[in-house]
Amino acid sequence: MVITLIGYRGCGKSSVAPRLAKRLGWDWADCDIEIEKRCGASVRDIFQHEGEAGFRTRESEVLEDLLSQPQLVLASGGGSILAKGNRQKMRAAGPVVWLQASIKTLARRLSGDGHANQNRPSLTGKPIHEEIADVLAVREPLYRETASLIVDVEDTRPDLVAKRIQEALMPVLPQERKA
Ligand code: S3P
């Protein structure tokens, strides 16, 4: 079973995934890091050389591999829900958790996250607030449709988000820890 965290850039997927995995005694992975490892290039470079379409193809391939692993918490890329096949595979692999935050909070977190942002190519070329509003308008219905659990992460630290997810998923998780 794979627990997939979905949501817009800056919602905290990569911070929550290791914390949730630790609580469960599971492994965790970050789809962007895995893509970079396999391609030997940064996300920004892949966007630059292969365009967003090239990146999305690589993302779907890596996602499919990761979704077949046992007992994994997966931090997906913010746009991985755009492909219908990805959404179906996430749902088939286990619970899908949408970390939901307001445009204001996402913009604040993304503006303050200097290092990570150097590796986040612009999706529209627009200023951050406008970009989030435009992109979220398209993605929100897809996050909602894919999620089996929605967690409000507004003003909530990653530790607490992980705890809430664990509590909410308790009834559907296998009880044994990973050997
Ligand atoms: C993207 C989000 C990024 C990364 C790429 C594209 C997006 O992942 O996959 O820059 O389209 O929202 P994070 O959500 O982990 O930043």
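Look above for the structure.
Note that the coordinates shown come from a computational prediction; the quantities given were computed from them, not determined experimentally. (Residues numbered from 1 in each chain as written. Predicted model: local features only at pLDDT ≥ 70, side-chain atom pairs only at ≥ 80, totals over all residues. Heavy atoms only, no water.)

(A) Quick look at the environment of Val151. Looking at the secondary structure, you find Val151 in strand E5 (residues 149-152). Under the relative-accessibility criterion, Val151 is labelled buried at 8%. Separated by 50 residues in the primary sequence, Val151 and Ala101 have C-alpha atoms spaced 8.8 Å apart. Those residues in contact with Val151 that sit more than four places away from it in its chain are Val97, Trp98, Leu99, Gln100, Val161 and Ile165. (Helix = DSSP H or I, 4+ residues; strand = E, 2+ residues; numbered from the N terminus. Buried < 20%, exposed > 50% of the residue type's maximum accessible area, 1.4 Å probe, protein only. Contact = heavy atoms within 4.5 Å.)

(B) Up close: empty space enclosed by the protein. Evaluation of the coordinates by the stated rule reveals 1 cavity of 30 Å³ or more. Looking at the largest cavity, its volume works out to about 40 Å³. If you go around the largest cavity, the residues you meet are Tyr8, Trp98, Leu99, Gln100, Ala101, Leu106, Leu136 and Glu140. Those elements giving two or more residues to the lining of the largest cavity turn out to be strand E4 (96-100) and helix H7 (128-146). A per-element tally of the lining of the largest cavity places E4 first, with 3 residues. Considering only residue class, the lining of the largest cavity consists of 6 nonpolar, 1 polar and 1 charged. (1 Å grid on protein atoms, 1.4 Å probe; cavity = no way out; pocket = protein on both sides within 12 Å on 5 of 7 lines; lining within 4 Å. Points joined across faces, edges and corners; volume = space filled by probe spheres on them. Nonpolar A, V, L, I, M, F, W, Y, C, P; charged D, E, K, R; others polar.)

(C) Broad picture of the sheet that holds strand E1 (residues 2-6). One open sheet accounts for 5 strands, arranged E2-E3-E1-E4-E5; its pairing is parallel. The sheet terminates laterally at strand E2 (27-30) and E5, the two strands that pair on one side only. Strand-to-strand twist in this sheet, taken as the mean axis angle between neighbours without regard to direction, amounts to 20°. Here E4 pairs with E5 via 4 bridges, running parallel. Each residue of the ladder has a partner; that of Gln100, found in E5, is Asp152. Its contacts with the sheet put H7 on E1, E4 and E5, and the angle it makes with E4 is roughly 140°. Those strands touched by helix H8 (residues 158-169) are E1, E4 and E5, and its axis lies near 150° from that of E5. (Pairing = 2+ DSSP bridges. Axes fitted to C-alpha atoms, helices over the stretch in contact; angles between N-to-C directions.)

(D) Just the site of the ligand, in detail. As a matter of local geometry, the ligand sits amid 15 residues, with Arg9, Lys13, Asp32, Arg56 and Arg139 nearest to it. In this structure, Asp32 approaches the ligand through a side-chain N or O atom, which is 2.7 Å from an oxygen atom. In this structure, Arg120 approaches the ligand through a side-chain N or O atom, which is 2.9 Å from an oxygen atom. Burial of the ligand by the protein amounts to 96% of the accessible area it has alone, namely 390 Å². Here the shell around the ligand gets 5 residues from one element, more than from any other, and that element is helix H3 (residues 43-66). Tallied by class, residues from the shell around the ligand come to 5 nonpolar, 3 polar and 7 charged. (Near = heavy atom within 4 Å. Polar contact = N/O pair within 3.5 Å; in protein donor to acceptor, adjacent residues only side chain to side chain. Areas by Shrake-Rupley, 256 points an atom, 1.4 Å probe, with all protein chains shown as cover.)

(E) Just the packing of aromatic side chains, in detail. Per the stated rule, a full pass over the model turns up 2 aromatic pairs. Taking the centre distance of 4.9 Å and the plane angle of 40° together, the rings of Phe47 and Phe55 count as tilted. Pair check on accessibility: Phe47 and Phe55 agree, each one buried. For the pair Trp98 and Tyr143, a centre-to-centre distance of 5.7 Å together with 25° between the ring planes defines the contact as stacked. Here Trp98 is found in strand E4, whereas its partner Tyr143 is found in helix H7, with 45 residues between them in sequence. (Phe/Tyr/Trp six-rings, centres within 6.5 Å; stacked < 30°, edge-to-face > 60°.)

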